Amino acid sequence: MGLARTHSVALIGLAGSLVEVEADISSQLPGMRLIGLPDAALAEAAERVRAAAKNSGCALNGHRLTVNLSPAALRKHGSGFDLAIAVACLAADGVVPAASVGAVVHIGELALDGRLRPTPGMLPAVIAAARLGHRTVMVPAGNADEAALVPGIRVVGVASLRDALIWHGARLDPQEVEVLCAPAEDDPADESLDLLDVVGNDEAILALQVAAAGGHHLFMLGPPGAGKTMLAARLPGLLPDLGPAASLEVSSLRSLSGRPVGRSLITRPPLESPHHTITAAAMVGGGSGQIRPGAAARASHGVLFLDEAPEFAGAVLDALRQPLESGRISIHRANAIAHFPARFQLVLAANPCPCGQYGAGDQECTCPPNARRRYLARISGPLLDRIDIQLTVTRVTAAQLRISADAGRLSSAVARHRVLAARETAAERLAGTPWTLNSQVSGPWLRSTERRLGAPVTAMLDRALERGGITMRGYDRILRVAWSVADLAGVARPGPDEVGQALYLRKGMAS
Amino acid sequence: MLVAEVLVARKDDLGRRGEDCAAEYLARAGYTVVERNWRCGQGEIDLIVAKDGDIVFVEVKTRSGTGYGHPFEAITVAKLARLRRLAGAWCAQFEPRARHIRIDAIAVIARPGQPPVVEHLEGVF
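Residues numbered from 1 in each chain as written. Chains lettered and ligands numbered in written order. Predicted model: local features only at pLDDT ≥ 70, side-chain atom pairs only at ≥ 80, totals over all residues.

Overview of the overall build of chain A
Here is step 1 of the chain: Scanning chain A from N- to C-terminus turns up 23 helices and 18 strands.
Here is step 2 of the chain: Relative to its full complement of 511 residues, chain A shows a buried share of 47%.
Here is step 3 of the chain: A separation of at least 24 residues holds for 74% of the contacts in chain A among residues at least 6 apart in sequence. (Helix = DSSP H or I, 4+ residues; strand = E, 2+ residues; numbered from the N terminus. Buried ≥ 20, exposed ≤ 12 C-beta atoms within 10 Å, placed from the backbone. Contact = placed C-beta atoms within 7 Å.)

Shown next, in the form of structure tokens:
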């Protein structure tokens, strides 16, 4: 009896591998057997495919169907194989030409009435199909816009199994059906957050711009009501638009986490602000069957904001050390390793003590010194060491409020232009190196003969080093920030002023 | 007779006609019918036939249409397992040295006013 094969894509993390779907009809009692390590959702494909085929007007053959998903040792997840299984079975039965079916990659979940549902992870799956040399991919009409974002591959969007079979050459009459669409965009990027809303806190605004210009991680310490959260939420608005590769990666991660991507790639940097009860698995990604990206991966190319940082579990914060160092997250399971990009900008905010009033000036702190010390010690040294800008934010005073009404405040649009110009300057200087941002540059390169700042410029820093106020690593970090400050100010090289500002941004909290 | 009894009688009648069709079909295919509707404490075997030294136990399923699915779809794993036990019981009683036994399924679709269609699957267990 009949045999036919087609292709689909299995995802492990963001990487996809091609799966061959073979269907064989044998002379046995009716039934469908699915082999090749399917998970629970995939094992139920047999029921969906049978019903969908019947309701599309071409019931499956009344004999035993064996469907093999090869490579057989690779675990397969989710419902995206339904369409491939259905067309392979019908091609084995001779309803559609096997040659046509074999040349196309099929991705999509079937509804019982034969319509196709939008499937999560479409973008990375189509990218994988294109990378593996396939020319045509058939996807649900509700996902077609998303799939069409991938260059160099022909996307066929079909609303139902019937349409798919007609496309492959089955002799069926077309039937108009309502297209199943992905749920609408849940949270359109909030562009209403503007720096204009921030009153006072000029040094914090400067710090935000320096962080955006150099890609530096940021730590803000201050009493409740000082505006830390407000400032952090405005950082993505200062970052430039994402490049083509970055926006493809951000959109892929969004698609993989099951959120709608829409008809254009995401070009604005994402902001992830998980609650402090988050687990390590939710932060870096995980899951027992399907490995899903965590908050840190979703924040890639954008901002990961941890409000009330000392309230996070120590293990969760320290899980970020590897991605901060390498820019990616590797999740190991017995049967697979998933890699996710994690090149995010980290922003931490914390109160100085459990009651929050320590150093605020207007109210007494009620915490015993012991509790105060323990509170900030929850953020481990190695993590804090990777954060270039550490800043104290203070509450706005009535006088500042009065003054700020007159003084010209900075809008996000203007600040973004400055940041963009600063980044261009840095990229020019760093041309020919593996780096593009000041925060990535190595210490020896900064201190090399041609980049060395004169002794008068670094006098302040050298003194701090001599006194033991900063370490050598801290010294390098201050130099990096100083270059960002200079880029932002439009100065060719950091002078004493820029180094002084960088030192201030580093030493905002005693460390 | 009550309506329900009439329906049941009609159903039994359909089953019997289906078994007749199946027996006829197998006889034409060169099988010898050994026994029909053999019963024991555990249940009933519709047809027992023999050919070339093989003893074949046949489950016959008859329907008057495919509106509620193909007759083969009604042959479940549990039904096959019972048939296998019954085959063992029959062999123990009549043919302790049976060389080869096989379990087959036959579907008869007897649409009213049309000649019945017989489908035969060999070795379904």
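Back to the write-up after that little detour.
Remarks on the sheet that holds strand S17 (residues 345-350) of chain A
The strands making up a sheet associate through hydrogen bonds between their backbones, and the pairing can be parallel or antiparallel.
All names here are of chain A.
Here is step 1 of the chain: Read across the sheet, five strands follow the order S11-S14-S17-S10-S18 without closing on themselves; strand pairing throughout is parallel. Among the strands making up the open sheet, the edge pair consists of strand S11 (271-272) and strand S18 (389-392).
Here is step 2 of the chain: The pairing of strand S10 (residues 218-221) with S18 spans four bridges and is parallel. Within S18, the position partnered with Met220 by the bridge is Leu391.
Here is step 3 of the chain: The sheet contacts of helix H8 (residues 202-214) involve S10, S17 and S18, and relative to S18 the element is tilted by about 165°. (Pairing = 2+ DSSP bridges. Axes fitted to C-alpha atoms, helices over the stretch in contact; angles between N-to-C directions.)

Some details on the interface of chain B and chain A
Here is step 1 of the chain: Each partner contributes to the interface: chain B provides seven residues, whereas chain A provides five residues.
Here is step 2 of the chain: Among the residues forming the side of chain B that touches chain A, the class breakdown is five nonpolar, one polar and one charged. (Nonpolar A, V, L, I, M, F, W, Y, C, P; charged D, E, K, R; others polar.)

Details of helix H22 (residues 472-489) of chain A
Every α-helix winds through 3.6 residues per turn, so residues three or four apart in the chain are directed the same way.
All names here are of chain A.
Here is step 1 of the chain: Its 18 residues place the ends of H22 26 Å apart at the C-alpha level, agreeing with the 26 Å of an ideal helix rising 1.5 Å per residue.
Here is step 2 of the chain: Listing the buried residues of H22 in full gives Arg477, Ile478, Leu479, Arg480, Val481, Ala482, Trp483, Ser484, Val485, Ala486, Asp487 and Leu488.
Here is step 3 of the chain: With its phi angle positive at about 80°, Gly490 sits one or two positions after the end of H22. (Expected span 1.5 Å × (residues − 1).)

Comments concerning the sheet that holds strand S5 (residues 117-121) of chain B
Residues and elements named next belong to chain B.
Here is step 1 of the chain: The strand order across the open sheet built from five strands is S1-S2-S3-S4-S5, with neighbouring strands paired in mixed fashion. Edge strands, defined here as strands with exactly one partner in the open sheet, are strand S1 (32-40) and S5. When strand polarity is set aside, the average angle formed by the axes of neighbouring strands in this sheet is 30°.
Here is step 2 of the chain: The sheet contact formed by S1 and strand S2 (residues 43-51) spans seven bridges and is antiparallel. Across the sheet, residue Thr32 finds its bridge partner in S2, namely Ala50.

Section: helix H2 (residues 77-94) of chain B
Residue and element names in this part refer to chain B.
Here is step 1 of the chain: Over its 18 residues, H2 extends 26 Å from the first C-alpha to the last, a length consistent with the 26 Å expected when each residue adds 1.5 Å.
Here is step 2 of the chain: Of all the positions in H2, only Leu83, Leu86, Ala87 and Trp90 are classed as buried. Burial along H2 is one-sided: seen end-on, the buried residues are contained in an arc of 110°. For H2, the exposed residues lying more than 90 degrees away from the buried face are Val77, Ala78, Ala81, Arg85 and Ala92. (Arc of directions from axis to C-beta.)

Here we look at the nonpolar core
Here is step 1 of the chain: With 143 residues, the main nonpolar core has Ala86, Ala88, Cys89 and Ala296 of chain A as its most contacted residues.
Here is step 2 of the chain: Ranked by residue count, the leading element in this core is helix H3 (residues 82-92) of chain A, at 10 residues.
Here is step 3 of the chain: Viewed by domain, this core spans two of them, domain 1 (3-168) and domain 2 (215-406) of chain A, each represented by three or more residues.
Here is step 4 of the chain: Residues within four places of Ala296 of chain A in sequence aside, it is in contact with Met283, Val284, Leu304, Leu320, Pro323, Ile329, Ala342 and Phe344 of chain A.
Here is step 5 of the chain: Listed in part, the 25 residues of the second largest apolar core include Ile48, Val60, Ala105 and Ile106 of chain B. (Core = buried A, V, L, I, M, F, W, Y, C linked by C-beta atoms within 7 Å. Domains from an automatic or database assignment.)

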